[in-house]
Amino acid sequence: MPTPLNVLTQPSTKHFLTPVGEAKIPVLLIWILSTEVELMAGDKPWLQHGWTLQSQHILDSYERLVGHRLIERLGSETDQAESLFKAPFVVVSHGTEVDPLLNYANAAALQLWKISISTLLETPSRMTAEAMHRDERAELLERTTRDGYVDDYRGIRIATDGQRFLIDRATVWNLTDKSGHYAGQAATFDQWTTLDEV
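Summarised in this report is the structure supplied together with it. (Residues numbered from 1 in each chain as written. Predicted model: local features only at pLDDT ≥ 70, side-chain atom pairs only at ≥ 80, totals over all residues. Heavy atoms only, no water.)

## Remarks on the packing of aromatic side chains
All chains considered together, the criterion is met by seven aromatic pairs. Taken together, a centroid distance of 5.4 Å and an interplanar angle of 75° make the contact between tryptophan 113 and phenylalanine 165 edge-to-face. Taken as a pair, tryptophan 113 in helix α4 (residues 107-113) and phenylalanine 165 in strand β4 (residues 164-176) lie far apart in primary sequence, 52 residues in all. The exposure classification of tryptophan 113 matches that of phenylalanine 165, with both residues buried. Between the aromatic rings of tryptophan 113 and phenylalanine 189, the centroid separation amounts to 6.2 Å while the plane-to-plane angle is 70°, which identifies the pairing as edge-to-face. (Phe/Tyr/Trp six-rings, centres within 6.5 Å; stacked < 30°, edge-to-face > 60°. Helix = DSSP H or I, 4+ residues; strand = E, 2+ residues; numbered from the N terminus. Buried < 20%, exposed > 50% of the residue type's maximum accessible area, 1.4 Å probe, protein only.)

Set out below in structure tokens:
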């Protein structure tokens, strides 16, 4: 069986870039490292899209307004972003646009709405509800803006494949960034039922 090339100790001259100063960087090593970074980012969405910082906005704002922590906040900001993404309940948020766009969803939310991250980031949050229920949703968001948060929301949402589901006892709260500026709204819930089961 041939011995694998160790690019750290056995580089061939054909694998080298043009020397930079006294250093020579193996092209193969660069390809391997860049591929590992791409795979890591692809497998770890909380490291992309500004979601590590967005996770802090979500967690800080929730704790300040609701009075307790959404998750146990252990480790670094990256560790907390991972914990939030993998939490066994839904967490979503939208930004401050006139027609706010979704800007975060954890794994539970992506699975429930059956949506890819790339599609999510281009979707106005109003599209998570059917047209007939959007006035009710708008009233919820107005109440949240006024009061800071609500923790008793019950309403109907729709996934990208048309599956309708009823969410119950959702908490919706205003987000602020680390400077205290308004940064949108977030929601979390762990109880929902598809309408076929209601």
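## Considerations on helix α2 (residues 51-66)
Here α2 contains 16 residues, and its C-alpha end-to-end distance of 21 Å stays within 8% of the 22 Å for a straight helix at 1.5 Å per residue. Along α2, the positions that sit buried rather than exposed are Trp51, Thr52, Gln54, Ser55, Gln56, His57, Ile58, Leu59, Ser61, Tyr62 and Val66. Where α2 terminates, the next one or two residues include glycine 67, which has phi positive at roughly 100°. (Expected span 1.5 Å × (residues − 1).)

## Re the packing of α2 against helix α3 (residues 77-85)
Interhelical geometry of α2 versus α3 gives an angle of 75° and a closest axis separation of 9 Å. Between α2 and α3, the angle is such that the two are roughly perpendicular. Counted together, Trp51, Thr52, Ser55, Gln56, Ile58 and Leu59 of α2 and Glu77, Thr78, Gln80, Ala81, Leu84 and Phe85 of α3 form the full contact between these two elements. Tallied by class, the residues present in the contact of α2 with α3 amount to six nonpolar, five polar and one charged. (Axes fitted to C-alpha atoms, helices over the stretch in contact; angles between N-to-C directions. Parallel < 35°, antiparallel > 145°, perpendicular 65-115°, else oblique. Contact = heavy atoms within 4.5 Å. Nonpolar A, V, L, I, M, F, W, Y, C, P; charged D, E, K, R; others polar.)

## Considerations on the side chain of asparagine 174
Within the fold, asparagine 174 resides in strand β4. Side-chain polar atoms of asparagine 174 contact the side chain of glutamine 185, separated by 3.0 Å. Excluding anything up to four places from it in sequence, asparagine 174 contacts Ser61, Leu65, Thr144, Thr145, Gly148, Tyr182, Gly184 and Gln185. (Polar contact = N/O pair within 3.5 Å; in protein donor to acceptor, adjacent residues only side chain to side chain.)

## Structural notes on the nonpolar core
Generally speaking, a soluble globular protein has its nonpolar side chains buried in company with each other. Membership of the largest hydrophobic core comes to 42 residues, with the highest contact counts inside it found for Ile58, Leu70, Leu84, Val90 and Trp113. The greatest single-element share of this core, amounting to six residues, is contributed by β4. Residues within four places of tryptophan 113 in sequence aside, it is in contact with Val90, Val92, Thr128, Arg157, Ile158, Ala159, Thr160, Phe165 and Phe189. (Core = buried A, V, L, I, M, F, W, Y, C linked by side-chain atoms within 4.5 Å.)

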